[in-house]
Amino acid sequence: MAATMKKGVAAEDVNVTFEDQQKINKFARNTNRMSELKDEIEARKKSLQNLEDASDDLMMFEDDALLIPYQIGDVFISHSQEETQEMLEAAKEALQDEIKALEGRVSSIQELLGDLKVQLYAKFGNNINLEADES
């Protein structure tokens, strides 16, 4: 989605100043960044769900002496059930913190986009389209 001037005959000719072009470019960059952040949030939520599923599966084990392989990077390291559970909890908390931080960034970008929309629609009216394409 980018800020685009509508095609067709415009009711009024509006000159696009350098500052206006900068605002339009800023809107487009931030819209793309917000889309990327939302995709990243979804990926982190899937990872969080996988950790929660692993934690649930781990609780079903009855043998506490069983060593559980836990992946760190490209290597699997065997830990006791309790140690593995603690590592899973720490990883879940870290992911939840990352998700909250990303959601905070999305929120601040949405505020900025809202301000830019108001400014650009005030100047260009219906001659500019700043809405997301739903395709």
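Residues numbered from 1 in each chain as written. Predicted model: local features only at pLDDT ≥ 70, side-chain atom pairs only at ≥ 80, totals over all residues. Heavy atoms only, no water.

1. Some remarks on the pairing of strand β2 (residues 68-72)
Moving on, step 1. Note: β2 against strand β3 (residues 75-79), 5 bridges, orientation antiparallel. In the sheet register, Gln 71 faces β3, and the bridge partner there is Phe 76.
Moving on, step 2. Hairpin connection, β2 to β3: the antiparallel pair is bridged by 2 residues, and Gly 73 has positive phi, about 70 degrees. (Pairing = 2+ DSSP bridges. Helix = DSSP H or I, 4+ residues; strand = E, 2+ residues; numbered from the N terminus.)

2. With respect to the packing of helix α1 (residues 18-59) against helix α2 (residues 81-124)
Moving on, step 1. Two elements in contact, α1 and α2, have axes whose closest approach is 8 Å; the angle formed by their N-to-C orientations is 160 degrees. When the axes of α1 and α2 are compared, the pair comes out roughly antiparallel. The element α1 and its partner α2 pack so that their crossing is left-handed.
Moving on, step 2. Tallied by class, residues from the contact of α1 with α2 come to 22 nonpolar, 10 polar and 16 charged. (Axes fitted to C-alpha atoms, helices over the stretch in contact; angles between N-to-C directions. Parallel < 35°, antiparallel > 145°, perpendicular 65-115°, else oblique. Left-handed = near helix turned anticlockwise from the far one by under 90°. Nonpolar A, V, L, I, M, F, W, Y, C, P; charged D, E, K, R; others polar.)

3. Here's the deal with a nonpolar patch on the surface
Moving on, step 1. Nonpolar side chains collect at one region of the surface, where Ile 72, Val 75 and Ile 77 lie side by side and expose about 230 Å² of accessible area between them.
Moving on, step 2. You can see Ile 77 is positioned in strand β3.
Moving on, step 3. Here Ile 77 falls in the partly exposed class, since its relative accessible area comes to 35%. (Patch = residues over 30% accessible without salt bridge, like charges linked within 9 Å, V, L, I, M, F, W, Y side chains within 5 Å. Areas by Shrake-Rupley, 256 points an atom, 1.4 Å probe, with all protein chains shown as cover. Salt bridge = Lys/Arg side-chain N within 4 Å of Asp/Glu carboxyl O. Buried < 20%, exposed > 50% of the residue type's maximum accessible area, 1.4 Å probe, protein only.)

4. What about the UniProt feature "coiled-coil region" (unreviewed entry) in the chain?
Moving on, step 1. UniProt annotation of "coiled-coil region" (unreviewed entry) refers to residues 78-112 when read in the numbering used here.
Moving on, step 2. What you have in residues 78-112 is 91% helix and 6% strand, and the ends, taken at the C-alpha atoms, are 47 Å apart. (UniProt positions renumbered as here; feature names shortened; annotations may be inferred.)

5. What to know about the environment of Asp 63
Moving on, step 1. Tracing the backbone shows Asp 63 in the loop between α1 and β2.
Moving on, step 2. Placed 18 residues apart in sequence, Asp 63 and Gln 81 show a C-alpha to C-alpha distance of 8.5 Å.

6. Description of the pattern of salt bridges
Pairs can form between side chains of opposite charge once their charged atoms are near each other.
Moving on, step 1. One pass over the full model with this rule turns up 7 salt bridges.
Moving on, step 2. The closest approach of N and O atoms between Arg 44 and Glu 40, which form a salt bridge, is 3.4 Å. Here Glu 40 and Arg 44 lie together in helix α1, a separation of 4 residues that amounts to about one turn.
Moving on, step 3. Taking the relative accessible area as the measure of exposure, Arg 44 reaches 25% and is therefore partly exposed.
Moving on, step 4. Given a relative accessible area of 28%, Glu 40 falls into the partly exposed group.
Moving on, step 5. We note a salt bridge from Glu 103 to Lys 45, for which the minimum N-O separation is 3.7 Å. Within this pair, whereas Glu 103 is found in helix α2, its partner Lys 45 is found in helix α1, the two being separated by 58 residues in sequence.
Moving on, step 6. With a relative accessible area of 36%, Glu 103 lands in the partly exposed category.
Moving on, step 7. Given a relative accessible area of 37%, Lys 45 falls into the partly exposed group.
Moving on, step 8. Bridged by salt links that share partners, the residues Glu 40, Arg 44 and Glu 98 form one connected network.

7. Topic: the side chain of Ser 55
Moving on, step 1. Topologically, Ser 55 is positioned in helix α1.
Moving on, step 2. Setting aside its immediate chain neighbours within four residues, Ser 55 contacts Gln 85, Leu 88, Glu 89 and Lys 92. (Contact = heavy atoms within 4.5 Å.)

8. Focus: α2
Moving on, step 1. A rise of 1.5 Å per residue sets the reference length of α2, with its 44 residues, at 64 Å; its end C-alpha atoms lie 62 Å apart and thus fit the reference within 8%.
Moving on, step 2. At the exit of α2 stands Gly 125, carrying a positive phi of roughly 55 degrees. (Expected span 1.5 Å × (residues − 1).)

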